[in-house]
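Observations on chain architecture
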Amino acid sequence: MSLHDDFKPVIAVLTMHDDQRMFRGNHQNFQDIIQTGESMGYVVYIVTVRDLNVAGSTVKGYIYNKGSGKWTSQSFPLPHVLYNRIPNREDERKPSVQRKIAECMESGIELYNPFFFNKWNLFEWLKKSKSTQNLIPYTRRMRSASALATVLKSYPYLYLKPESGKAGKGIMMLKFQEKDRLPYRLKVQSSRKSTTYKTATLAKLWARIRRETGHTPYIMQQGIELASSRKRPFDLRVLVQKNSKGQWSVTGVGARLAGSRSITTHVPRGGSVEDPEKLLTELFGEELSNTLMKRVKSTSLMIARQVERGSGHTLGEMSMDLGVDDLGEIWFFEANAKPMKFDEPQIRRRSLERIFHYSAYLARQSKR
Ligand SMILES: Nc1ncnc2c1ncn2[C@@H]1O[C@H](COP(=O)(O)OP(=O)(O)O)[C@@H](O)[C@H]1O
Ligand SMILES: [Mg+2]
């Protein structure tokens, strides 16, 4: 072990100022990050874009005081690593925010998690590599009724999703059954349940879809018949993070079983947290399930590498939603650049520790 390996950088978690709550984002998550970092011997604090000034010698940061149960602000040294957790796209897109991030990078601060992903870009990046192109469902941008009709001819089962969506918001499922009196069947996801709309004509269908989408950009995607348990489809949530050597590594794999009346597997929409090995064994038997879990992990690493290559930036972590169909084939649905908290305690703990392992690596790299 060299001296370098013991170097403990200062880490700031970047978010937005908020008049009511001091700063935006998931405060519980931030608390866990700070507590983990402190217990590992790091100086770590929350900083808002507004307070971060690279020209200054110190910066105002927030830390959580466990005793009082309160957040307090104090003065900190400038960070070596900036862990970007700006919680929404609208804020992150602002020119003032982009300028601030650019200034930090120019001054030599390492940026961990440069930006949110867009669903369409992800598919474009993954299409480009032989190692990942067979994992992605057929996907097109949804620009017109005629484009939708063309895709429906080859794929009569589709998912319609906002390019910048999250947590199942705005997702629709569309089926075309030619022999039915009302051949178009559209399911629209509301908070916990979904509402079905049936119609005979493409024009009416399109009008209904437009009512949902407004001018928000959408993709249309081949629907995958997910493997299911107790008649409920499930998918896998994989957390991939870089480790202390700067290499992509699988932190954990979880499973989410859809709520009975939902078209997605999100927990706030009635979905439940499950053990992936148990679900896969139930369906495919022990041997195939073991093989599948290994394949899920190696596949996730290939996806992470390709997403990073495609994005043109250094990335540090991402979570991904993968489907498994009845034949045991793996499908990619999306990746999130700023992963939400995993409910599984073991994955959660490791995910927090890895933030610091990789930050230390980043800082060592930049010192050289
Ligand atoms: N093409 C598809 N076929 C089958 N199920 C899908 C498809 N796309 C999404 N889903 C289901 O919907 C969920 C949410 O989709 P996702 O792309 O992750 O959007 P969000 O950003 O809202 O989480 C997935 O986890 C999966 O359960
Ligand atoms: Mg998702």
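Within each chain, residues carry numbers counting from 1 in the order of the written sequence. Written order decides the labels, with chains lettered from A and ligands numbered from 1. Where totals are concerned, whole chains, interfaces and linings use all residues; where local detail is concerned, this predicted model gives features only for residues with pLDDT of at least 70, and gives and counts side-chain atom pairs only at 80 or more. Neither water nor hydrogens contribute to the side-chain values; these are computed over all heavy atoms in the structure.

In the nomenclature of an unreviewed UniProt entry, the protein chain is known as Endospore coat-associated protein of Paenibacillus amylolyticus.

**Some remarks on the coordination of the magnesium ion (ligand 2)**
The test is simple: As a rule, N, O and S atoms within 2.8 Å of a metal are its donors, except that Na, K and Ca use 3.2 Å; water is not among the atoms, so sites may look incomplete. Counting from the N terminus, the helices are DSSP H or I runs at least four residues long and the strands are E runs at least two residues long. For every residue, the accessible area (1.4 Å probe, protein chains only) is compared with the maximum for its type, and the residue is labelled buried under 20%, exposed over 50%, or partly exposed between those bounds.
With distances of 1.9 to 2.0 Å, the protein atoms coordinating the magnesium ion (ligand 2) are Asp321 (OD) and Glu334 (OE). One end of the pair, aspartate 321, is in strand S19 (residues 317-324); the other, glutamate 334, is in strand S20 (residues 330-336), and 13 residues separate them in sequence. On the basis of relative accessibility, which here comes to 8%, the residue aspartate 321 falls in the buried class.

**What about the sheet that holds strand S13 (residues 194-199)?**
Short version of the rule: Pairing between two strands requires that DSSP report at least two bridges joining them. Fitted lines through C-alpha atoms serve as axes, helices being fitted only where they are in contact, and the angles separating the N-to-C directions of these axes extend from 0 to 180 degrees.
Spatial ordering of the open sheet is given by S9-S14-S10-S11-S12-S13, a layout of 6 strands whose pairing is antiparallel. Two strands close off the open sheet at either side, each with one partner strand: strand S9 (139-141) and S13. On average, each strand axis in the sheet is tilted by 20 degrees relative to the strand beside it, whichever way the strands run. Looking at chain direction, strand S10 (residues 157-162) and strand S11 (residues 172-176) are connected through 4 bridges and run antiparallel.

**A short note on the layout of surface pockets**
To keep things clear, this is the line we draw: Every definition here rests on a 1 Å grid over the protein atoms only: cavities are sets of points where a 1.4 Å probe fits but cannot get out, pockets are open sets enclosed by protein on both sides within 12 Å along at least five of seven lines, and lining residues have some atom within 4 Å of a point. Grid points are joined across faces, edges and corners, and a volume is the space filled by probe spheres set on the points. For this classification, the nonpolar set comprises Ala, Val, Leu, Ile, Met, Phe, Trp, Tyr, Cys and Pro, the charged set comprises Asp, Glu, Lys and Arg, and every other residue, Gly included, is treated as polar. Domains are outlined according to an automatic or database domain assignment.
Looking at the largest pocket, its volume works out to about 1100 Å³. Lining the largest pocket are 43 residues, and of these Gly165, Lys166, Ala167, Asn336 and Met340 lie nearest its centre. Mapped onto the lining of the largest pocket, the elements with two or more residues apiece are helix H1 (27-39), helix H2 (89-93), helix H7 (202-213), S19 and S20. Broken down by element, the lining of the largest pocket gets its largest block of residues, 3 residues, from S20. Here the second largest pocket defines a volume of roughly 730 Å³. In terms of lining, the second largest pocket is formed by 40 residues, of which the most central are Tyr159, Leu226, Pro233, Ile263 and Thr264. Going through the elements one at a time, S10, S11, strand S12 (184-189), S13, strand S14 (218-222), strand S16 (232-242) and S20 are the ones with two or more residues in the lining of the second largest pocket. Tallied by class, the residues present in the lining of the second largest pocket amount to 12 nonpolar, 13 polar and 15 charged. Here the lining of the second largest pocket gathers at least three residues from each of two domains, domain 2 (119-135 + 226-337) and domain 3 (139-222).

**Looking at the environment of valine 54**
Note the following rule: Should any heavy atoms of two residues lie within 4.5 Å, those residues are considered in contact.
Position of valine 54 among the secondary structure elements: in the loop between strand S4 (43-48) and strand S5 (58-65). In contact with valine 54, not counting residues within four places along its chain, are Leu78, Glu103, Cys104, Ser107 and Ile109.

**Digging into the pattern of salt bridges**
The line we're drawing: In the sections that follow, a salt bridge refers to a side-chain nitrogen of Lys or Arg positioned within 4 Å of a carboxyl oxygen of Asp or Glu.
If you walk through the whole model with that rule in mind, you get 17 salt bridges. In this structure, the salt-bridge partner of glutamate 317 is arginine 85, at a minimum N-O distance of 3.8 Å. Taken together, the residues span a long stretch of sequence, with glutamate 317 in strand S19 and arginine 85 in the loop between strand S7 (81-84) and H2 at a distance of 232 residues. No difference in accessibility class separates glutamate 317 from arginine 85, as the two residues are buried. We note a salt bridge from arginine 349 to glutamate 353, for which the minimum N-O separation is 3.5 Å. Of the two residues, arginine 349 and glutamate 353 both sit in helix H9 (residues 345-367), 4 residues apart, roughly one turn of that helix. Given the relative accessible area of 44%, arginine 349 is considered partly exposed.

**A word on empty space enclosed by the protein**
Over the atoms rolls a probe the size of a water molecule, and its path tells where empty space is left. Applying the stated criterion to the full structure yields 1 cavity of 30 Å³ or more. By volume, the largest cavity amounts to about 110 Å³. Surrounding the largest cavity, 15 residues form its lining, Arg85, Pro339, Met340, Arg348 and Ser351 being those nearest its centre. Among the elements that make up the lining of the largest cavity, the one with the highest residue count is H9 (4 residues). Residue composition of the lining of the largest cavity, grouped by class: 8 nonpolar, 3 polar and 4 charged.

**Section: the packing of helix H6 (residues 145-154) against H7**
Our working definition: In these notes the angle categories are as follows: under 35 degrees is roughly parallel, over 145 is roughly antiparallel, 65 to 115 is roughly perpendicular, and the rest is oblique. Handedness of a crossing follows from how the near helix is turned relative to the far one, being left-handed for an anticlockwise turn of less than a right angle and right-handed for a clockwise one.
For the pair H6 and H7, the least separation of the axes is 10 Å and the interaxial angle reads 110 degrees. Relative to H7, H6 is oriented roughly perpendicular. Where H6 crosses over H7, the handedness of that crossing is right-handed. Along the contact surface, H6 presents Ala145, Leu148 and Ala149, while H7 presents Leu202, Leu205, Trp206 and Ile209. A per-class count over the contact of H6 with H7 returns 7 nonpolar, no polar and no charged.

**Thoughts on the site of ligand 1**
Our working rule: We call a residue near a given molecule or strand whenever any one of its heavy atoms falls within 4 Å of it. Contacts described as polar in this section are N or O atom pairs within 3.5 Å, which, within protein, must combine one atom able to donate a hydrogen with one able to accept it, while residues neighboring in sequence count only if both atoms come from side chains. Using a 1.4 Å probe, accessible areas were evaluated by the Shrake-Rupley method; residue-level cover was limited to the displayed protein chains. A cavity or pocket is said to hold a molecule if more than half of that molecule's atoms lie within 2 Å of its grid points.
What surrounds ligand 1 is a group of 20 residues, the closest being Lys119, Lys161, Gly168, Asp235 and Asp321. In this structure, aspartate 235 approaches ligand 1 through a side-chain N or O atom, which is 2.4 Å from an oxygen atom. In isolation ligand 1 exposes 540 Å². Once the protein is present, 98% of that is buried. When atoms are counted within 2 Å of each cavity's grid points, the one that captures over half of ligand 1 is the second largest pocket.

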